[in-house]
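Structure assessment
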Amino acid sequence: LPAAALVLDRVLKLTQPERVVVSALGVREGWLYSLLPPEERTLDPLIEGARVFGARRARVPACAAALVRWTDGLFPEETPGERRLREAACALSDIAWRDHANNRAGVAFSRVLELPFVGVSHAERVFLAVTLMARHGDRPGERQSKQIAAHLPEADVKRAQILGRALQLGYRLSGSVPAILDRAELEIGENAVRVRIVGEDAVPDSDAVQT
């Protein structure tokens, strides 16, 4: 890195450009990007990356899209940027199911922080990590809490935990069956959250659902 910085310093002094744009990726990625069809170049790299990674590790890949619909009414004033993070979280929501139940929350948290995604800021990545940890029923430990505090406002941490709990509820309610989630809706009130089911036989009568 020091050698590269020295070369760049000399180049800038010789060329004296008005501005410098530094890419997060390299020449190979740019060449591969140039080979993509025009319609694929406009796709969101975070969402596409999350879908590819999540689908390979999920029990039921189609559940991700159902979870997006399931959580659509969770945040009424959601911005486009917040929606893309919610879609990415839904796509990644089952990446730790093969891990031991006692470790899933921590594994999901660490895994999301290390995934080679592009199109995501450090704060957005931490938001996704907190969401996935909450999805597995756990809250960050002391060390992880300090990491979060450095990157996320308290309101964003709360938002991530709410989304994670909603994803957890979706999995427990549906057993990873998308059709069940398609017949269920979350109703957010001032003092309560209700689940409305369309059809008496739409949800299995299991212990997880009753509790």
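Described below are features of the structure shown in this document. (Residues numbered from 1 in each chain as written. Predicted model: local features only at pLDDT ≥ 70, side-chain atom pairs only at ≥ 80, totals over all residues. Heavy atoms only, no water.)

1. Section: a nonpolar patch on the surface
- On the surface, a cluster of nonpolar side chains totalling about 340 Å² of accessible area is made up of Leu8, Leu12, Val20 and Val22.
- Mapped onto the elements, Val22 comes out in the loop between helix 1 (2-15) and helix 2 (27-35).
- Exposure remark for Val22: the relative accessible area of 70% places this residue in the exposed category. (Patch = residues over 30% accessible without salt bridge, like charges linked within 9 Å, V, L, I, M, F, W, Y side chains within 5 Å. Areas by Shrake-Rupley, 256 points an atom, 1.4 Å probe, with all protein chains shown as cover. Salt bridge = Lys/Arg side-chain N within 4 Å of Asp/Glu carboxyl O. Helix = DSSP H or I, 4+ residues; strand = E, 2+ residues; numbered from the N terminus. Buried < 20%, exposed > 50% of the residue type's maximum accessible area, 1.4 Å probe, protein only.)

2. Section: the pattern of salt bridges
- Inspection of every chain in the model, using the stated rule, returns 15 salt bridges.
- The partner of Arg51 in a salt bridge is Glu87, with the nearest N and O atoms 3.6 Å apart. Linking Arg51 in helix 4 (residues 45-57) with Glu87 in helix 6 (residues 80-92), this pair joins segments that are 36 residues apart in sequence.
- Residue Arg83 is joined to Asp72 by a salt bridge in which the shortest nitrogen-to-oxygen separation is 3.1 Å. Taken together, the residues span a long stretch of sequence, with Arg83 in helix 6 and Asp72 in the loop between helix 5 (63-70) and helix 6 at a distance of 11 residues.
- When its relative accessible area of 32% is taken as the criterion, Arg83 is described as partly exposed.
- Three or more residues are tied together by salt bridges with common partners; here these are Glu48, Arg51, Asp72, Glu78, Arg83, Arg86 and Glu87.

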